[in-house]
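# Coordinate analysis (summary)
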Amino acid sequence: MNQSYENAPVDEQSAHEVEEAGLRLALVDTSDAEAFDKWLRADQRGFHSGAPSKEVLAEGRATLADRRTTAVYDDLLPSREPVGTVNSWVAPLTVPGGDRVGAWAISSVTVAPTHRRRGIARALLGGELRTAHALGVPLAILTVSESVIYGRWGFGPATFVSDWSVDTKRVRWAGGPTTGRLSFTEPDEYRETGRAVLDAVMAARPGEIGLSPYLSDRLIGPVAGTENPERYRLVRYDSPSGEPEGFVSFAVKGSDDFVRHTVEVNHLTAATDEALTALWRFLLELDLVAEVRAGVLGVDEPLPALVSDIRGAAVTGIRDHLWVRILDVPAALTARGYERDGELVLDVVDDLGLAGGRFRLSVTDGVATVSETADAPDVTLPVASLGSVYLGHDFARALGVAGRIEGDVTALDRLFRTAVPPRLSTWF
Ligand SMILES: CC(C)(COP(=O)(O)OP(=O)(O)OC[C@H]1O[C@@H](n2cnc3c(N)ncnc32)[C@H](O)[C@@H]1OP(=O)(O)O)[C@@H](O)C(=O)NCCC(=O)NCCS
């Protein structure tokens, strides 16, 4: 990368497209409080959140200022509030093999309902991808409000999450002895430690991203704008030798029956199996509680094995979560590790003309080399399908059945899939 993402100018093609629609594309100076507040307001409105309080705006200015922040303006509007928003930054994404790759993270994609379906999102997304590509960033990532939006820009769902409801009056702990020390703490007291624990957890698991202090703080406890912040509790886990290895933040909700409270887990993180089991046991054995709800967990969460009655821990949903858009096939494929060796010619089709081509992927001792080739392909796939298999999730066979990977799907699956599925345990 020869230019930093914060200073990258607006994409010329996008600026032109927006101008054709009678609008204006511009980077927002996030040190200009008035301009940034207008952008933050538009962003909140776009997701149907209430009008932000002074505290929420102040928090936004303090925590989101380092993102590359773009707006679309309708200069005829007296409010001067943007009608389109997006922000982006380069986030460290853990890939199979354990390395971290700089990924173009995109967030806050909104278009005012008064200006929808005029191509504003298309201009914004195209601009993000072309800018990231020009800067040499090998892939872009996002989490999505609706799963039908981003496929058209070459994103594919690459990690999945599970949501759970545990009937704690029905199950007993079956996860064996637990060790270490649990204690209640406060977000302000625990913040630095919590951020470090999160960083260790995120670095160790493919699919997770390195979190900014703000993204970490949302997991540690309530932030400005969180409803009923006084209900939140934070419990830390320290190993027998005193190492901080995990925490759970949660809220307890009452019911008419005092022995049937519900626990809603905000975030549970654990760097070790000992931390994981101790924290789950703590939650499942809480007195006066009948249900524990937790979401955005991996698809391999070991809960069924931790309870005496497997049906007492029910999956209430499995969803796509992190979406990946490959921007540079050789750079992306050589950045990750592989669990099996092999060779494959991939014909990657990219309608946006950024990453397509035919490539020979050769993996020896888990390390890839990639070269362009004119040889006949073993598999042909749109760039979105390559994004879907990139982090190792078991998705190639389904995409093959659906016709979105053609050719030797088994060979592709064998090379790309990992024993442990990738996971992203937060939103961004
Ligand atoms: C999603 C959103 C940003 C789209 O903005 P927009 O300016 O109306 O989108 P565009 O006019 O550029 O549409 C581009 C294409 O995407 C399609 N599209 C856009 N939003 C879509 C949606 N929600 N569902 C299905 N298709 C959608 C359009 O039909 C168009 O399709 P085409 O390429 O076949 O012509 C806007 O509806 C919005 O702000 N939604 C609420 C906030 C949100 O969910 N943001 C996404 C966060 S991850």
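Each value, and the rule that gives it
- Residues numbered from 1 in each chain as written.
- Predicted model: local features only at pLDDT ≥ 70, side-chain atom pairs only at ≥ 80, totals over all residues.
- Heavy atoms only, no water.
- Helix = DSSP H or I, 4+ residues; strand = E, 2+ residues; numbered from the N terminus.
- Pairing = 2+ DSSP bridges.
- Axes fitted to C-alpha atoms, helices over the stretch in contact; angles between N-to-C directions.
- Patch = residues over 30% accessible without salt bridge, like charges linked within 9 Å, V, L, I, M, F, W, Y side chains within 5 Å.
- Areas by Shrake-Rupley, 256 points an atom, 1.4 Å probe, with all protein chains shown as cover.
- Salt bridge = Lys/Arg side-chain N within 4 Å of Asp/Glu carboxyl O.
- Lys, Arg positive; Asp, Glu negative; His and termini not counted.
- Charge placed at Lys NZ, Arg CZ, Asp CG, Glu CD.
- Buried < 20%, exposed > 50% of the residue type's maximum accessible area, 1.4 Å probe, protein only.
- Domains from an automatic or database assignment.
- Parallel < 35°, antiparallel > 145°, perpendicular 65-115°, else oblique.
- Contact = heavy atoms within 4.5 Å.
- Nonpolar A, V, L, I, M, F, W, Y, C, P; charged D, E, K, R; others polar.
- Phe/Tyr/Trp six-rings, centres within 6.5 Å; stacked < 30°, edge-to-face > 60°.
- Lys NZ or Arg CZ within 6 Å of the ring centre and 35° of its normal.
- Left-handed = near helix turned anticlockwise from the far one by under 90°.

### Details of the environment of leucine 139
- With respect to the secondary-structure elements, leucine 139 resides in strand 5 (residues 139-143).
- Considering only alpha carbons, one finds leucine 139 and alanine 103, 36 residues apart in sequence, at a separation of 5.3 Å.

### Focus: the sheet that holds strand 8 (residues 181-185)
- One open sheet accounts for 7 strands, arranged 8-9-10-11-12-7-13; its pairing is mixed. At either end of the open sheet lies a strand with only one pairing partner, and these are strand 8 and strand 13 (313-320). Each neighbouring strand pair of the sheet contributes to a mean axis angle of 25°, computed without reference to strand direction.
- Sheet analysis places strand 9 (residues 232-238) next to strand 10 (residues 244-253), joined by 7 bridges and oriented antiparallel. Counted as the bridge partner of tyrosine 237 is glycine 246 from strand 10.

### Describing a positive patch on the surface
- Residues Arg116, Arg117, Arg122 and Arg152 make up a contiguous surface patch of positive charge.
- Mapped onto the elements, arginine 122 comes out in helix 4 (residues 120-134).
- Since its relative accessible area comes to 53%, arginine 122 is described here as exposed.

### So, the domain arrangement of the chain
- Here the chain is described as being made up of domain 1 (5-137), domain 2 (162-319) and domain 3 (322-416).
- Domain 2 and domain 3 are separated by 35 Å when their C-alpha centres are compared.

### Considerations on the packing of helix 2 (residues 33-46) against helix 3 (residues 54-63)
- In the contact formed by helix 2 and helix 3, the axes pass within 10 Å of each other and the chain directions differ by 110°. Put simply, helix 2 runs roughly perpendicular to helix 3. On helix 3, the residues that touch Ala33, Phe36, Asp37, Leu40, Arg41 and Gln44 of helix 2 are Val56, Leu57, Gly60 and Arg61.
- By residue class, the composition of the contact of helix 2 with helix 3 is 5 nonpolar, 2 polar and 3 charged.

### Description of the packing of aromatic side chains
- Evaluated as defined, the whole model comprises 10 aromatic pairs.
- Each ring, one from tyrosine 190 and one from phenylalanine 247, has its centre 5.6 Å from the other, and the planes form 80°; the classification is edge-to-face. A residue pair is termed long-range when its members are at least 10 positions apart, and tyrosine 190 in helix 5 (residues 187-204) and phenylalanine 247 in strand 10 qualify at 57 residues. Each member of the pair, tyrosine 190 as well as phenylalanine 247, is classed as buried.
- Taken together, the ring pairs connect Tyr150, Trp153 and Phe155 into an aromatic cluster.
- The ring of tryptophan 153 has arginine 152 sitting right over it, with the charged end atom 5.8 Å from the ring centre.

### Describing the packing of helix 5 against helix 6 (residues 213-220)
- The contact between helix 5 and helix 6 brings their axes to 9 Å, and the two run at 110°. Taken together, the axes of helix 5 and helix 6 are roughly perpendicular relative to one another. As helix 5 packs across helix 6, the resulting crossing turns out to be right-handed. Residues Pro187, Tyr190, Arg191, Gly194, Arg195, Leu198 and Met202 of helix 5 form the contact with helix 6, whose own contacting residues are Pro213, Ser216, Asp217, Leu219 and Ile220.
- Here the contact of helix 5 with helix 6 is composed, by residue class, of 7 nonpolar, 2 polar and 3 charged.

### Some points on the pairing of strand 16 (residues 357-364)
- Relative to strand 16, strand 15 (residues 342-349) is paired through 7 bridges, and the arrangement is antiparallel. Across the sheet, leucine 346 pairs through a bridge with phenylalanine 359, a residue of strand 16.
- Of the pairings in the sheet, the one linking strand 16 to strand 17 (residues 367-372) comprises 6 bridges and is antiparallel in character. Opposite threonine 364, over in strand 17, you have valine 367 as the bridge partner.
- Linking strand 16 back to strand 17 in an antiparallel pair, the connection comprises 2 residues, with aspartate 365 at a positive phi of about 50°.

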